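# Examination of the molecular architecture
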Amino acid sequence: MHEWIHIDQLGYRPGDRKYCFVTNQGGSFEVATLTGQVVFTGELDHATNDTPSGELVFRGDFSALREDGTYVVRVPGLGQSASFSISRSVFHDLHLALQKCFYYQRCGMDLEPEFAGPWAHKACHLNHGLVHGEPARSLPSHGGWHDAGDYGKYVVPGAKAIADLLLAYEFYPNAFQTPLHIPESGNGIPDVLNEVRYELEWMLRMQDPVNGGVFHKLTTHRFPGLAVMPEEDDAPLVFSPISYTATGTFVASMAMAARVYEPVDHDFAATCLAAANRAWTWLCSHPETQFHNPPDVFTGEYGDRQCWDELYWASAEMFRTTGDNPYQEVFLNLLAEKGLPPASLGWANVAGYGTIAYLMTTAEAVDRNTQARLRARWLSEAEDLAERSRTDGYQVTLTVEDYIWGSTMVLCNQAMQLLIAYRLDSNPAFVDVAAQSLHYLAGCNPLNQCYVTGFGTKPLMHPHHRPSIGDGVEQPVPGMVSGGPNKGLQDAIAKAELGGRPPAKCFLDHQDSYSTNEIAIYWNSPAVFVASHFI
Ligand code: G3I
Ligand code: 9MR
Ligand code: ZN
């Protein structure tokens, strides 16, 4: 495949917009079958000075080609692209693998060969955790998903992952019919709910039974070595102190769970709601304070200076789930005080989730005027994203500033924003732009890098993911989304090798590059949401 020709290495659905991108060269292009039959010819136009990659990028539009098949793009003088498919189900396997990733991240149970194949391993992290600052106290801490390439379990990013997956299920229930081949498969409950429940049950253990506040995280004091398998990581486990953001995002995700699990398991839903209520009481009687790592804990901090958005989200979910007015009062008061917040869906900036909850509520008492204002704000941000994509060489929504640690999450969050906007306003342009994000993830980007393990012609092979490094299996665990290009050069090998590169090319498929090539549950989760629209 020629590195100047960029396509989605999985492919395109027949009716969707289909672009290829060619760097440095315009003129004609053609699409051919693998046997060499030319089925489409066109011109490369729409030349764009693409700031993120620092290159001149031409665009070829072959949307008119709708026949199922396997093809390549050919450019005279250059050669051909990687092969790709046109098929209705082109993202089907990707969608399943992105979900199955969460099973592989499970902590505290054997991953059996029957479900995990060559990536099977023994149960890990079964010990009680020590409550930081209370030497005599330890509590059960097992279960949940490892956060990322490390084995920490953190409430705040866990809540984002839960939210994305439950929203995906709420928005696209029909996309979750296919079993994931996990231990619970076949129990009559969609596997995405089985999988999310594994995390929720761990989250319930993160609530301090004494006062309802929620411990920020459960980790060892330091990260273990890179080749340490989960079951070999036997350093003491520590509950870091209760935090405002962990408690707020806990309320929100438990309130969501109470709503989504009600039809499938009333008792579990009631447990979640009771836990949300206790955490809500803690939240309302404590000031907004920023979490900092205790001095002897060196794992991920997930600190956040601004915490009112966590209360905004929590109050909106509680209102949506219960319909009770006091929650709405908190929500409306926050809006009056702070103004309309951005539609952000990050682990730190969670206001977008609060807005979605308020927009989707069917409660009688809802304030229609506020809904209209929030809807207008959401749509205008979506318009801005769509507009921005038109000036990008690869037609994606990322600006130069967005190529930060976890840029693939930024991209997928923006695509989620657009797909939700489409629900609010049926503007097909929003879907076209969101699709471009999926194409980018699947290799249609300046590096031709597929940012998901196990997929594409140029698949990710060396993620910063301890089990994939320590297990002796050549292939990494499949279905994991890499953080992707990060212009911050925030690890040693990125600093050494990427200096001077344009933002969209600041990426290394190397196991040491945790700032460009780690994986994380909350980078997979928005990708699941986005893929759910396209299967
Ligand atoms: O938001 C600012 C932006 O305004 C600024 O222009 C830009 C310039 O560098 O930085 C942006 O902040 C970055 C922030 O992520 C954005 O979310 C910080 O530089 C960057 O250091 C920070 O990285 C976080 C990283 O931990 C280090 O703290 C990542 O978001 C976060 O996903 C990552 O999470 C880690 C956990 O700590 C441990 N487990 C693995 C996990 C994934 O790598
Ligand atoms: O492996 C760690 C990864 O999960 C984190 O995201 C990253 C940033 O906090 O840190 C990694 O651990 C590195 C540590 O910070 C510095 N020494 C090298 C460790 C990994 O090789
Ligand atoms: Zn574990």
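For every chain, the first residue of its written sequence is number 1, and the numbers climb from 1 along that sequence. To label them, take the chains in the order written and letter them from A, then take the ligands in the order written and number them from 1. Predicted model: local features are reported for residues with pLDDT of at least 70 only, side-chain atom pairs are reported and counted for 80 or more only, and whole-chain, interface and lining totals are derived from all residues. Based on all heavy atoms of the structure, the side-chain values leave hydrogens and waters out of the count.

## Brief notes about the coordination of the zinc ion (ligand 3)
- Note that water is not among the atoms used; donors are N, O and S atoms within 2.8 Å of the metal (3.2 Å for Na, K and Ca), so sites may look incomplete. Note on the zinc ion (ligand 3): its protein donors are Cys-107 (SG), Cys-124 (SG), His-125 (ND1) and His-146 (NE2). The metal-donor distances range over 2.0 to 2.3 Å.
- Any site counts as irregular unless it has four donors with all angles between 85 and 135 degrees, making it tetrahedral, or four or six donors with opposite ones more than 155 degrees apart and the rest between 65 and 115, making it square planar or octahedral. Taken together, the 4 donor atoms coordinating the zinc ion (ligand 3) span angles of 103 to 115 degrees at the metal, a pattern that classifies the geometry as tetrahedral.
- In primary sequence terms, the donor set of the zinc ion (ligand 3) follows C-x16-C-H-x20-H. Of this pair, His-125 sits in the loop between helix H2 (113-116) and strand E10 (129-131) while His-146 sits in the loop between strand E11 (138-139) and strand E12 (153-154), placing them 21 residues apart in sequence. Secondary structure is summarised from DSSP: a helix means a run of H or I of at least four residues, a strand means a run of E of at least two, and numbering begins at the N terminus for each.

## So, the site of ligand 2
- Around ligand 2 lies a shell formed by Asp-150, Phe-223, Leu-226, Trp-405, His-464, Arg-466, Tyr-514 and Glu-518.
- Between ligand 2 and Arg-466 there is a distance of 2.8 Å, counted from an oxygen atom to a side-chain nitrogen or oxygen.
- Contacts to ligand 2 include Glu-518, whose side-chain N or O atom sits 2.6 Å from an oxygen atom.
- To be clear on the numbers: accessible area is Shrake-Rupley with a 1.4 Å probe, and residue cover counts the displayed protein chains and nothing else. When isolated, ligand 2 has an accessible area of 440 Å², and the protein chains bury 60% of it.
- Under a 2 Å grid-point criterion requiring more than half of the atoms, the pocket assigned to ligand 2 is the largest pocket. Proximity is defined per residue: if any heavy atom of the residue lies within 4 Å of a molecule or strand, that residue is considered near it. Polar contact criterion, stated in full: a pair of N or O atoms within 3.5 Å, where within protein one must be able to donate a hydrogen and the other to accept it, and residues adjacent in sequence count only if both atoms are side-chain atoms. Every definition here rests on a 1 Å grid over the protein atoms only: cavities are sets of points where a 1.4 Å probe fits but cannot get out, pockets are open sets enclosed by protein on both sides within 12 Å along at least five of seven lines, and lining residues have some atom within 4 Å of a point. Think of it this way: a molecule belongs to a cavity or pocket when more than half its atoms come within 2 Å of the grid points there.

## Some words on the site of ligand 1
- Looking at ligand 1, there are 13 residues lining it, with Asp-147, Trp-405, Gln-490, Glu-518 and Tyr-522 nearest.
- Residue Gln-490 places a side-chain N or O atom 2.8 Å away from an oxygen atom belonging to ligand 1.
- Coverage of ligand 1 by the protein amounts to 60% of the 780 Å² it exposes when considered alone.
- Across the shell around ligand 1, the residue classes tally to 8 nonpolar, 2 polar and 3 charged. The classification used treats Ala, Val, Leu, Ile, Met, Phe, Trp, Tyr, Cys and Pro as nonpolar, Asp, Glu, Lys and Arg as charged, and all other residues, Gly among them, as polar.

## A word on the domain arrangement of the protein chain
- An automatic or database domain assignment provides the domain bounds reported here. Split into domains, the protein chain comes out as domain 1 (5-88 + 442-514) and domain 2 (92-437 + 519-533).
- The C-alpha centroid of domain 2 is placed 28 Å from the C-alpha centroid of domain 1.
- Contacts between the two partners involve 50 residues from domain 1, matched on the other side by 43 residues from domain 2.
- Here's the idea: put two parts together, see how much 1.4 Å probe accessible area each one loses, and the total over both is what we call buried area. In terms of surface lost to domain 2, no three residues of domain 1 exceed Arg-466, Val-481 and Gly-483, which account for 19% of the buried area on that side.
- Any carboxyl oxygen of Asp or Glu within 4 Å of a side-chain nitrogen of Lys or Arg constitutes a salt bridge here. Across the contact surface, domain 1 and domain 2 share 1 salt bridge. By the convention used here, residues are in contact when the closest approach between their heavy atoms is within 4.5 Å.

## A closer look at the sheet that holds E11
- Pairing within the open sheet is mixed, and its 5 strands lie in the order E11-E10-E14-E13-E12. Every interior strand has two partners, whereas the edge strands, E11 and E12, have only one.
- When DSSP finds two or more bridges between a pair of strands, those strands are recorded as paired. Pairing analysis gives 2 bridges linking E10 to E11, with the strands arranged antiparallel. Counted as the bridge partner of Gly-129 is Leu-139 from E11.

## Overview of unusual backbone geometry
- The phi torsion at Gln-395 lies on the positive side, around 60 degrees, for a residue other than glycine.
- Tracing the backbone shows Gln-395 in the loop between helix H10 (368-390) and helix H11 (407-425).
- We classify Gln-395 as buried; its relative accessible area is 8%.
- In this structure, Asn-448 takes a positive phi of about 55 degrees despite not being glycine.
- Among the secondary structure elements, Asn-448 is positioned in the loop between helix H12 (428-441) and helix H13 (466-470).
- With a relative accessible area of 4%, Asn-448 lands in the buried category. Summary of the burial criterion: residues with accessible area below 20% of their type's maximum are buried, those above 50% are exposed, and those between are partly exposed, where the area comes from a 1.4 Å probe applied to protein chains only.

## Structural notes on the nonpolar core
- Formed by 148 residues in total, the largest nonpolar core has its most connected members in Trp-145, Leu-166, Val-196, Tyr-261, Phe-529 and Phe-534.
- Of all hydrophobic cores here, the second largest spans 19 residues; its members include Tyr-12, Val-22, Val-73 and Ala-82. Here, the term nonpolar core denotes a set of buried Ala, Val, Leu, Ile, Met, Phe, Trp, Tyr and Cys residues that are joined through side-chain atoms within 4.5 Å.

## Focus: empty space enclosed by the protein
- Grid points are joined across faces, edges and corners, and a volume is the space filled by probe spheres set on the points. Scanning the entire structure with this criterion turns up 2 cavities of 30 Å³ or more.
- Empty space within the largest cavity amounts to approximately 60 Å³.
- When its residues are assigned to classes, the lining of the largest cavity shows 4 nonpolar, 5 polar and 2 charged.
- The calculated volume of the second largest cavity comes to roughly 50 Å³.
- Lining the second largest cavity we find Tyr-104, Leu-111, Trp-119, His-121, Met-229, His-465, Pro-467, Asp-471 and Val-477.
- Here the residues of the lining of the second largest cavity sort into 6 nonpolar, 2 polar and 1 charged.
- Composition of the lining of the second largest cavity by domain shows at least three residues from each of domain 1 (5-88 + 442-514) and domain 2 (92-437 + 519-533).

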